[in-house]
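# Secondary and tertiary structure notes
Here are the chains, one letter per residue:
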Amino acid sequence: YWQWNIGVPPGDIPKDVNTNLDKCIVGSDRQNSMTLLLRVYGLTYSTKCNISSAKPILIPLLAGECNPTVPGPRSKNAKLEDLWACAKDADEGLNVWEVRLDDRVLFKKAGNEEINGHLIDNILVRNSSVFNITIPQVNRYEADAGVYPAVVDGYYLILKPLPPGEHILTYKFKLDQKIPGTSLSYVNGDATYLLTVN
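A few points on the structure. (Residues numbered from 1 in each chain as written. Predicted model: local features only at pLDDT ≥ 70, side-chain atom pairs only at ≥ 80, totals over all residues. Heavy atoms only, no water.)

## Re the environment of Thr-134
You can see Thr-134 is positioned in strand β9 (residues 131–135). Each C-alpha atom, one on Thr-134 and one on Ala-145, is 7.5 Å from the other, the two residues being 11 residues apart in sequence. (Helix = DSSP H or I, 4+ residues; strand = E, 2+ residues; numbered from the N terminus.)

## Focus on the state of the cysteines
The tally for this structure, following the rule as stated, stands at 2 disulfides. A sulfur-sulfur distance of 1.9 Å marks the disulfide that ties Cys-24 to Cys-49. Residues Cys-24 and Cys-49 are joined through a disulfide that is right-handed, its torsion about the S-S bond being 115°. Residue Cys-24 is located in the loop between α1 (2–6) and β1 (26–28), and its partner Cys-49 is located in strand β3 (residues 44–51); the two are separated by 25 residues in the primary sequence. Note on Cys-49: relative accessible area 4%, which makes it buried. The disulfide bridge from Cys-66 ends at Cys-86, spanning 2.1 Å between sulfur atoms. Looking down the S-S bond of the Cys-66 and Cys-86 bridge, the torsion is 90°, so its handedness is right-handed. (Disulfide = S-S within 2.5 Å. Buried < 20%, exposed > 50% of the residue type's maximum accessible area, 1.4 Å probe, protein only.)

## Overview of the pattern of salt bridges
A full pass over the atoms with the stated rule returns 4 salt bridges. The partner of Glu-98 in a salt bridge is Arg-100, and the shortest N-O contact between them spans 3.3 Å. For Arg-100, a relative accessible area of 28% corresponds to the partly exposed category. Where Lys-108 meets Glu-113, a salt bridge forms, and the shortest distance between an N and an O atom there is 3.4 Å. By relative accessible area, Glu-113 is classed as partly exposed at 41%. Look at the salt bridges and you will find they share partners, linking Glu-98, Arg-100, Lys-108 and Glu-113 into a network. (Salt bridge = Lys/Arg side-chain N within 4 Å of Asp/Glu carboxyl O.)

Quick look at the structure:
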């Protein structure tokens, strides 16, 4: 997922809250066996897409990656524990979280309201192994190109392949805390995918 995510051209990513129905941003893993959706950290994004009924769908709900190009002292340290902490920095402090498919809520956490809250532990990736990430010259984070050791952290929900037809998939979150290493005190993300499944 992260190899595809970092290579999405910056011009394809909306810079502020907007709707861009004509620009469908989806990816695929290296084996072309899974559909990858956009990480909407700090974005509101709506789009129309055609996807395959043969592939499961990966939704990066609140997900972090850390490599030596990430700002902050912990990413520069060679200690694995520091890289893990760096990747985890912006994944905690969740206030509102919801995933909806058509008219059905698959997951929700908002105050005392919770639907399928037991899924949190099942979709959490914590203390990942180290892998090499190749950052292309043109990338969405304007990071220096190269190959770097990286780790990931966060919540990744995988949906079974959807049946053919029209579907509406939405996912959103609100993070209400100070994000370490930044001046941000909260981050929202909100995605709406109008899917035609073939």
